[in-house]
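Below are the chains, spelled out letter by letter.
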Amino acid sequence: MIPRAPWFGGDYNPEQWPREVWDDDIRLMQKAGVTVATVGVFSWAHLETADGEFDFEWLDAIIEKLHAVGIGVDLATATASPPPWLALAHPDILPVTADGVTLGVGSRQHYSPSSATYRRYAKRLVEKLVARYGHHPAVVAWHTNNEYGCHVSRCYSDESAVAFRAWLQEKYGTIAALNDAWGTAFWSQRYGSFDEVLPPRAMPSFPNPTQLLDFDRFSSDALLDLHRMEVEVIRAGSNAPITTNFMGLFEPLDYWKWAEQVDFVSDDFYPDPADESSVIVAAMHRDLMRSLGGGKPWMLMEQATSAVNWRTRNAPKSDSQYRLVSLQSVARGSDGLMHFQWRQSNRGAEKFHSGMVPHGGENTRVFRRVEAMGAELAGLADVMGTEVEAKVAIVLDWDSWWALRQAANPAQLDYRRTVFAWYRALWEKHVTVDFARPGADLSGYDLVVVPTLQVVTDAALAAVAEANAAGATVAVTYQSAILNDTLGVVDGGYLGSWQDLLGVRVEEFAPYAFPDQFENAPAGAPTTTIAGELSGTASGWSEIVHATDAEVKATFTEGIAAGGPAITRRSGEAPAWYIATQPEGELMGAIADALLADAGVTPLVATDEPRLEAVVRGGKLFLLNHSDEDATVSVGSTELQVAAGEAAILSVD
Ligand code: GLA
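The text that follows walks through the structure, step by step, so that each part is easy to find. The structure displayed is predicted, hence computed values, not measured ones.

Re the pairing of strand 22 (residues 575-579)
Burial analysis of strand 22 places five of its five residues in the buried class, which makes it a mostly covered element. Residues Pro575, Trp577 and Ile579 of strand 22 are buried on one face, and the alternating residues Ala576 and Tyr578, pointing to the opposite face, are buried as well. Note that strand 15 (residues 473-477) and strand 22 share four bridges and pair parallel. From the neighbouring strand, Val476 faces strand 22, where its bridge partner is Tyr578. In this structure, strand 21 (residues 565-571) lies alongside strand 22, joined through five bridges in antiparallel fashion. In the strand pairing of strand 22, Ile567 is matched with Ile579. Adjacent in sequence and paired antiparallel, strand 21 and strand 22 are bridged by three residues.

Here you go:
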């Protein structure tokens, strides 16, 4: 269990306020039921005012004030925003873009992940903090850096080039092995030694695809290495658990690898109150966080009480939206509700970002809502530390994400959207979903969905086949198992060994295209219809498929694939579906129903309201009605009403 759960609080930046405000902060924190404050996230310039000159007096004072009233401290290592003096004295810490632009000082996160100088200074700062607060009873957790990779996830500097070469040398051993893996016989790209290899900086045409993928992997690892450096320092001087705040489905970092290096996962997410699908995106992020931690509780480290400041137009959160997405986090495994930030700033770029204490102070809608949420969360203490059961898994993979976003592809496919389309269909069926790492053991799941897993390893192929052999229904979609992990076409042709699993062979891709270049086309992709038992609208993609050992459930109606299979089902040990297009709307719902029926997975509740979210955690059934309409919900033989925008929390066995 995460110490001091449930956490209720947020980022607290006392250095932005005169000391007379601090006592008011403490008073209001107690009023709101705050249990934990995240302190020090952007404090480097206040902790080390000049090279080697440290000032901990103010931090000592605020930690003591918090501790005196029983509020725990999630202590940040303050390394996310180096002070101006450091960049001035050592410009080599600054990151460089692919176009060769050096990013300057004056905002935040202006450091190169591969800068030895940045690393040396960051390490010294963390050592000082750990020496001082490593055994402080107020410190409930350590929070390394902040949102690694948020603004700068890849650096193309000369120093990064050196680090990239070292990473490649470690991976490939010899330049011959690299040439082979990267397929450098193409376009005269052969390298004579590692010294010739560069990051994929701005270049005339398509970069080598494997170079790009390896640079993505390296860049995720370079930041992870910084986190690990901090972890080592903390571990040597403190027993408190260590986390760092993730950012949901964040493309630059392979969170499967990162999650292995934290004591508990934590996440920041800001659903857009103006976008009705954002509660489903939020649910997806919560389920991902739980899955990253192997099912263990995680922490919602940042959310907003109302508006953010970084969208074009920043809608406020209604009372109901704030309550429902908060309860959603707890229902999906969070052991608390933390916010950015405690007191809304009155200076700087985030002064229009909501806080727990708004500019208007305590006599406001937002502060009253915060107080109510703190009380409601305290009432859910029994749920803390408990897990959430899911019988459905979606396989999620950063290599495939990175490969699909490369320009040289059959079509520009949005991996995040494709994964979300499947998540959404299952969410609307009131079914709980886990995410699974390719190659991970899938036993325990009754349904395994594999959307556009373009890159596969033998282990990934085997895990899905084994799950099917053990009785799980599987559904694989188009553009899966096309490439191996060096981006060569898979052995045996598209789908590799899944040709037998699925009973299909894929001959040729036929994405639907607008007459113009895809990127200049209207939003979305052209739609078509598919016909048969599962008929309806599909978008974006068709392909020539041969059903060698599978029943055809729908066929394409247009283009070179017309008349050929669009959806197939092989009935082996358990059903194995192949879906050769992107189903839309009702068709997606019908496919989800068919898959769930095959898998024997029953929804948690029965209701006609798709926006009624249902999740079970710790013996409680959370029913969250995100709709504008009241919902009638059947739970077993009991029927109840959940009013529009309301929640019901029932005890279940
Ligand atoms: C991120 C950061 C915070 C703050 C918020 C604003 O989550 O971690 O410091 O900038 O965004 O939404």
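Section: the pattern of salt bridges
Pairs can form between side chains of opposite charge whenever their charged atoms are close. All chains considered together, the criterion is met by 40 salt bridges. As a salt-bridge pair, Asp23 and Lys65 come within 2.8 Å of each other at their nearest N and O atoms. Here Lys65 lies in helix 3 (residues 57-68) and Asp23 lies in helix 1 (residues 19-32), a separation of 42 residues in the sequence. Owing to a relative accessible area of 45%, Asp23 belongs among the partly exposed residues under this scheme. Residue classification places Lys65 among the partly exposed positions, given a relative accessible area of 28%. What emerges from the salt-bridge pattern is a single network uniting Asp24, Asp25, Arg27, Lys31, Arg343 and Glu362.

Structural notes on a nonpolar patch on the surface
On the surface, Phe186, Trp187 and Phe206 cluster together into a nonpolar patch covering about 350 Å² of accessible area. The residue Phe186 is located in the loop between helix 7 (175-182) and helix 8 (209-237) in this model.

A short note on the packing of aromatic side chains
Counting across every chain of the model gives 26 aromatic pairs. Through a chain of ring-to-ring contacts, three or more aromatic side chains come together here, namely Tyr148, Phe246, Phe250, Tyr255, Trp258, Trp398, Trp401 and Tyr415. The ring of Trp17 carries the charged tip of Arg343 above its face, separated from the ring centre by 5.6 Å.

Observations regarding the sheet that holds strand 27 (residues 631-635)
Sheets are built from strands that pair by backbone hydrogen bonding, the pairs being arranged parallel or antiparallel. Strands sit in the order 24-27-28 across an open sheet of three strands; the sheet is antiparallel. Two strands lie at the open edges of the sheet, namely strand 24 (606-607) and strand 28 (638-642), each paired on one side alone. In terms of strand pairing, strand 27 meets strand 28 through five bridges, oriented antiparallel. Looking across to strand 28, one finds that Val635 is bridged to Thr638.

Conventions adopted
Counting of residues starts from 1 at the beginning of each chain's written sequence and follows it residue by residue. Under the rules for a predicted model, residues below a pLDDT of 70 receive no local features and side-chain atom pairs below 80 are neither given nor counted, while totals for whole chains, interfaces and linings still include all residues. Calculation of side-chain values draws on the structure's entire complement of heavy atoms; hydrogens and water are dropped beforehand. Only protein chains enter the calculation, and the probe is 1.4 Å; a residue is then buried if its accessible area is under 20% of its type maximum, exposed if over 50%, and partly exposed in between. Only DSSP runs of H or I covering at least 4 residues are called helices, and only runs of E covering at least 2 are called strands; the numbering of each starts at the N terminus. Pairing between two strands requires that DSSP report at least two bridges joining them. Salt bridges are defined by distance alone: a side-chain nitrogen of Lys or Arg within 4 Å of a carboxyl oxygen of Asp or Glu. Only residues whose relative accessible area exceeds 30% and that take part in no salt bridge are eligible for patches, with like-charged residues grouped when within 9 Å of each other and nonpolar side chains (Val, Leu, Ile, Met, Phe, Trp, Tyr) grouped when within 5 Å. Exposure was quantified through the Shrake-Rupley algorithm and a 1.4 Å probe, taking into account, for residues, occlusion by the shown protein chains and nothing else. By convention, a stacked pair of Phe, Tyr or Trp rings (six-membered ring in the case of Trp) has centres within 6.5 Å and planes under 30 degrees apart, an edge-to-face pair has planes over 60 apart, and any other such pair is tilted. Note on geometry: a ring has a charge over it if NZ (lysine) or CZ (arginine) is within 6 Å of the ring centre and within 35 degrees of the ring normal.

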